[in-house]
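Chain by chain, the residues run as shown.
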Amino acid sequence: MQKLLYVQLGDQISDQIREGLYKVGERLPSVRELSKREQVSIATVNTAYANLEQRGWIEARPKSGYFVRRSSLDAVDLPETANLKPKPRHVSINELAMEVQRGASSKTGASFCAAVPDLNFPISKIIQRTYVSQARAGVTFDQGYDSPEGLYELRKQIAKRALEAGIRVGVDELITTSGAQNALALALRALTKPGDIVAVESPCYFGLLQMIESFGLKSIEIPTDPKDGMSIDALKLALQQWPIKVVLSITAYSNPLGCVMPNDHKQALIQLLQQYDIAMIEDDIYGELQFEGHRPKAVKAFDEEGRVLWCSSVSKTMDPKLRVGWIAPGKYYAEILHQKYVNSIALPSLPQSVAAQVMAQGQFDRHLRQAREAYRQRSQHLIDLAQMHFPSEMRASSPQGGLVVWFEMPKKIDATDLYYQCRERDVRIAPGELFSVTGLYQNCFRMSFAKPWTLESEQAVAMIGQQLKEMMMKS
Ligand SMILES: Cc1ncc(COP(=O)(O)O)c(C=O)c1O
């Protein structure tokens, strides 16, 4: 039977992509051009492109046309949402987490284990120069301690940028912190006492699980969709069964799944917070790292009662070494300010001043545009390489922002064994074991794509693939 015209055209284009005629990231002919060239109707081209987009070959970018998304292989399946019955558990994250974190600063080999931004963009030089000039000018040394709420100029810049996330927050409603980790810790300390239950995503960033453990809290892992984030239905059920004290979620380009919570889920979440009279800690550290379009709105944007404590930092957009973060704690402002004061009195002024100066310059937004596009291409390259080298049964997340991809392998793969085998070869990944206290993700691992690709890092991915295939054969 003769194939439909749009199917023929789609096959022709996917063959051309497979043969390398169009490379990943390259723009395809416009609908009009293709219709003229192939002597088919506009509707046929539109249907062919829509079909290719659905199959993961190409992507539409608003006002720019269609671009190649995948190379020679078919689109990858997303990881499966964990089929778990949420139950509160004591967290016990072992030494492995610390070791993985240390591996991030390894100067040799290929390190995919930490969600650290590329620090070779021109903005790094600007940050250094600003540091030196601010220190020379003695700008922040005219008084003793910085105020407990933090440097005014920085809070002003944060309040301006928050508008992009749909958040209207006054300068006096923000508190600066030592990175996002400190913001999250202050929030947990202010809202909970040992033994309380915190609802988290599953899989969950291990830094959060470790914090929950160290505060003597219990976590309840809520099934999380690789596209839409924490399941609101599952959260609702958990709230009906357990006295959950606070919900903690990375709502934009989460770590590790890269998912983004849709706006209607955010609204439903706010309703649940109101119904159960609880708070939410929103970790929005990746919110400005969208690959395309506008950054997602924060849950905080829908919060009219001040129940959401919005936390973020410059660690992923500027440099984690600045240790500059913030929190908009809503109605918990006084508790958070007190926590900050008793824990550290105040922050060093210089890094806050540097972050404020850099944010105030146009170069920062230019940098973000450049970084987003670079990360988009690098993430795609990682997925392409994985398709080339990893076992064909693999599943992978398809992040639309952020810094990491989550890989799921067949159950017979032990990713902690894989981690040790890779480490012997000076290659670092983050094993799935770290991202849960339920033992659910032993066959998964997370890889960061932030650094530019080199022959060495491409070979490292091939090596991981080789190890995986040997493990598959042995089991
Ligand atoms: C989701 C998430 N939250 C918080 C942090 C810690 O951020 P900071 O370095 O700003 O303390 C990280 C770091 O990787 C992270 O991925």
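Nothing here was measured: the structure is a model prediction, and the numbers come from that model.

A. View of the site of the ligand. Surrounding the ligand, one finds 14 residues, the nearest of these being Asp-283, Tyr-286, Ser-313, Ser-315 and Lys-316. Note that a nitrogen atom of the ligand is positioned 2.6 Å from one of the side-chain N or O atoms of Asp-283. A distance of 2.6 Å separates an oxygen atom of the ligand from a polar side-chain atom of Ser-315. Expressed as a share of its isolated accessible area of 400 Å², the protein-covered part of the ligand is 92%. A total of 4 residues in the shell around the ligand trace back to one element, the largest contributor, which is helix 7 (residues 179-191).

B. Structural detail: the pattern of salt bridges. Applying the stated criterion to the full structure yields 17 salt bridges. In this structure, Arg-378 and Asp-118 form a salt bridge, with 3.0 Å as the shortest nitrogen-oxygen distance. Of this pair, Arg-378 sits in helix 13 (residues 362-389) while Asp-118 sits in the loop between strand 4 (110-111) and helix 5 (122-137), and the two are 260 residues apart along the sequence. For the pair Arg-378 and Asp-118, one class covers both residues: buried. A salt bridge links Asp-196 to Lys-193; the nearest nitrogen and oxygen atoms lie 3.5 Å apart. Salt bridges linked by common partners bring Glu-59, Arg-61, Arg-69, Glu-292, Glu-373 and Arg-376 together as one network.

C. The arrangement of the nonpolar core in detail. The biggest cluster of nonpolar side chains holds 118 residues, and the ones touching the most others in it are Leu-188, Ile-281, Phe-390, Phe-407, Phe-445, Met-447 and Ile-464. If one sorts the elements of this core by residue count, helix 13 sits on top with 9 residues. Shared between two domains, this core takes at least three residues from each, and those domains are domain 2 (92-119 + 365-474) and domain 3 (143-364). Residues in contact with Met-447, not counting those within four places in the same chain, are Phe-112, Leu-382, Phe-390, Leu-403, Val-404, Val-405, Phe-407, Ile-429, Val-461 and Ile-464. By size, the runner-up hydrophobic cluster in this structure holds 22 residues, among which are Ile-197, Ala-199, Ile-222 and Met-261.

D. Fine view of the sheet that holds strand 16 (residues 430-431). Taken in spatial order, the 4 strands make up an open sheet running 13-14-17-16, and their pairing is antiparallel. The sheet is open, and its two edges are formed by strand 13 (395-396) and strand 16, each paired on a single side.

E. The pairing of strand 9 (residues 244-249), seen in detail. Among the 6 residues in strand 9, 5 count as buried, and that is most of the element. Where strand 6 (residues 197-202) meets strand 9, 3 bridges bridge the pair, whose relative direction is parallel. Looking across to strand 9, one finds that Ile-197 is bridged to Ile-244. As judged from the 4 bridges shared by strand 9 and strand 10 (residues 279-283), these two strands associate in the parallel manner. Within strand 10, the residue paired with Ser-249 across the bridge is Glu-282. The β-α-β motif built from strand 9, the intervening helix 10 (residues 263-276) and the parallel element strand 10 has right-handed crossover chirality.

F. Representation of a nonpolar patch on the surface in the model. Together, Tyr-145, Tyr-341, Val-342 and Ile-345 make up a nonpolar patch on the protein surface, roughly 430 Å² of accessible area in all. Among the secondary structure elements, Tyr-145 is positioned in the loop between helix 5 and helix 6 (152-162). Residue Tyr-145 is classed as exposed on the basis of its relative accessible area, which comes to 64%.

G. Main features of the packing of aromatic side chains. Enumeration according to the criterion identifies 13 aromatic pairs in this entry. Seen in terms of ring centroids, Trp-310 and Trp-326 are 6.4 Å apart; in terms of plane orientation they differ by 55°. Their pairing is tilted. Of the two residues, Trp-310 sits in strand 11 (residues 308-313) while Trp-326 sits in strand 12 (residues 325-328), which places them 16 residues apart along the sequence. We classify Trp-310 as buried; its relative accessible area is 3%. Judged by relative accessible area, Trp-326 falls into the buried class, the value being 6%. Within the aromatic cluster, the residues linked to one another by ring pairs are Tyr-205, Phe-206, Trp-406, Phe-435 and Tyr-441. Here the basic side chain of Arg-61 rests over the ring of Phe-67, its NZ or CZ set 3.8 Å away from the ring centre.

H. Expanded view of unusual backbone geometry. A cis amide bond links Ser-202 with the next residue in sequence, Pro-203, at an omega value of 0°. The peptide bond linking Asn-255 to Pro-256 adopts the cis configuration, its omega dihedral lying at 20°. Within the fold, Pro-256 resides in the loop between strand 9 and helix 10. A positive phi angle, close to 65°, is found at Lys-63, a residue other than glycine. Note on placement: Lys-63 falls in the loop between strand 1 (58-61) and strand 2 (65-68). Taking the relative accessible area as the measure of exposure, Lys-63 reaches 92% and is therefore exposed.

What counts and what doesn't
- Residues numbered from 1 in each chain as written.
- Predicted model: local features only at pLDDT ≥ 70, side-chain atom pairs only at ≥ 80, totals over all residues.
- Heavy atoms only, no water.
- Near = heavy atom within 4 Å.
- Polar contact = N/O pair within 3.5 Å; in protein donor to acceptor, adjacent residues only side chain to side chain.
- Areas by Shrake-Rupley, 256 points an atom, 1.4 Å probe, with all protein chains shown as cover.
- Helix = DSSP H or I, 4+ residues; strand = E, 2+ residues; numbered from the N terminus.
- Salt bridge = Lys/Arg side-chain N within 4 Å of Asp/Glu carboxyl O.
- Buried < 20%, exposed > 50% of the residue type's maximum accessible area, 1.4 Å probe, protein only.
- Core = buried A, V, L, I, M, F, W, Y, C linked by side-chain atoms within 4.5 Å.
- Domains from an automatic or database assignment.
- Contact = heavy atoms within 4.5 Å.
- Pairing = 2+ DSSP bridges.
- Right-handed = clockwise from strand over helix to strand, strands pointing away.
- Patch = residues over 30% accessible without salt bridge, like charges linked within 9 Å, V, L, I, M, F, W, Y side chains within 5 Å.
- Phe/Tyr/Trp six-rings, centres within 6.5 Å; stacked < 30°, edge-to-face > 60°.
- Lys NZ or Arg CZ within 6 Å of the ring centre and 35° of its normal.

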